[in-house]
Each structure stands twice: as structure tokens, then as C-alpha cells.
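# Report on the structure
The chain contents come next:
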Amino acid sequence: MHTGSKTNTIIKQLQPIDMKKLLFVCIENSNRSQMAQAFALMSGKAEAYSSGSRPSGIVNPKAIAAMKELGYDLSTHKSKSLDDVKDYAPFEAVVTMGC
């Protein structure tokens, strides 16, 4: 009995139809864009990424603490550059966050 195609069909049915691929960009990729990515991932309706034009190299400890209160572990995230996420393109939307 071959169940591979049946399993694939069930998995496709379980995935949200409106799944979007999003990129959140700020300057340092240490706070706002990281949290936006986390909220999008928590929604279960987005494949989300974040990056910065001049990444700081760290995720802000205050952002990590705030997201921990909401049940999300932001400590596993890394501060990334635009080059670091280019392999995930194209994105359906790119959200920029200025200072």
C-alpha cells in the first residue's frame, strides 16, 4: 500500500491557503524587524524573515525578554543582513521599518 500521495494531499489541505512569504527590514535587525518576524510566524499564516541594512550582530535583549513574555523564544534568532536572506526571495511583501 502506497500512502505517500495521500499524505501529501492531507498536508496540503492542512496548510493555510493564504500563506504569505514576508520580509521585515529595519536598520540593525535587532529589535523591530525581529519582533515583526516573530509575530508573523506566530500567526501561522506566514513564512517570515527579517534582515537589516546595517545589522548589529545581536538581537536586543529587551526584545528577547518581551517576546518571551508572549511565549516566543527570540533568543534563537540572529541579526542578519539583506544578503543573508536573498536566497529566500522572492517575497510577496517587504515591510520596511524606519527609525
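In short, a report on the structure. (Residues numbered from 1 in each chain as written. Predicted model: local features only at pLDDT ≥ 70, side-chain atom pairs only at ≥ 80, totals over all residues. Heavy atoms only, no water.)

A few words now on the packing of helix H2 (residues 32–43) against helix H3 (residues 61–69). Close contact between H2 and H3 brings their axes to 11 Å; oriented N to C, the two are set at 20°. Regarding the angle of H2 to H3, the classification is roughly parallel. Where H2 crosses over H3, the handedness of that crossing is right-handed. In this structure, H2 uses Met35, Ala38, Phe39 and Met42 to contact H3, whose residues at the interface are Ala63, Ala66 and Met67. Of the residues that constitute the contact of H2 with H3, the class distribution is 7 nonpolar, no polar and no charged. (Axes fitted to C-alpha atoms, helices over the stretch in contact; angles between N-to-C directions. Helix = DSSP H or I, 4+ residues; strand = E, 2+ residues; numbered from the N terminus. Parallel < 35°, antiparallel > 145°, perpendicular 65-115°, else oblique. Left-handed = near helix turned anticlockwise from the far one by under 90°. Contact = heavy atoms within 4.5 Å. Nonpolar A, V, L, I, M, F, W, Y, C, P; charged D, E, K, R; others polar.)

Attention now goes to the environment of Ser79. Position of Ser79 relative to the elements: it lies in the loop between H3 and helix H4 (82–85). Along the backbone, Ser79 and Gly52 are 27 residues apart, and their C-alpha atoms lie at a distance of 7.5 Å. When near neighbours in sequence (up to four residues on either side) are disregarded, Ser79 contacts Glu28, Asn29, Gln34, Pro55, Ser56, Gly57, Ile58 and Val59. In this structure the side chain of Ser79 is engaged in a polar contact, spanning 3.3 Å, whose partner is the backbone oxygen of Asn29. At 3.2 Å, the side chain of Ser79 forms a polar contact with the backbone nitrogen of Gly57. (Polar contact = N/O pair within 3.5 Å; in protein donor to acceptor, adjacent residues only side chain to side chain.)

Keep in mind these values describe shape, not function.
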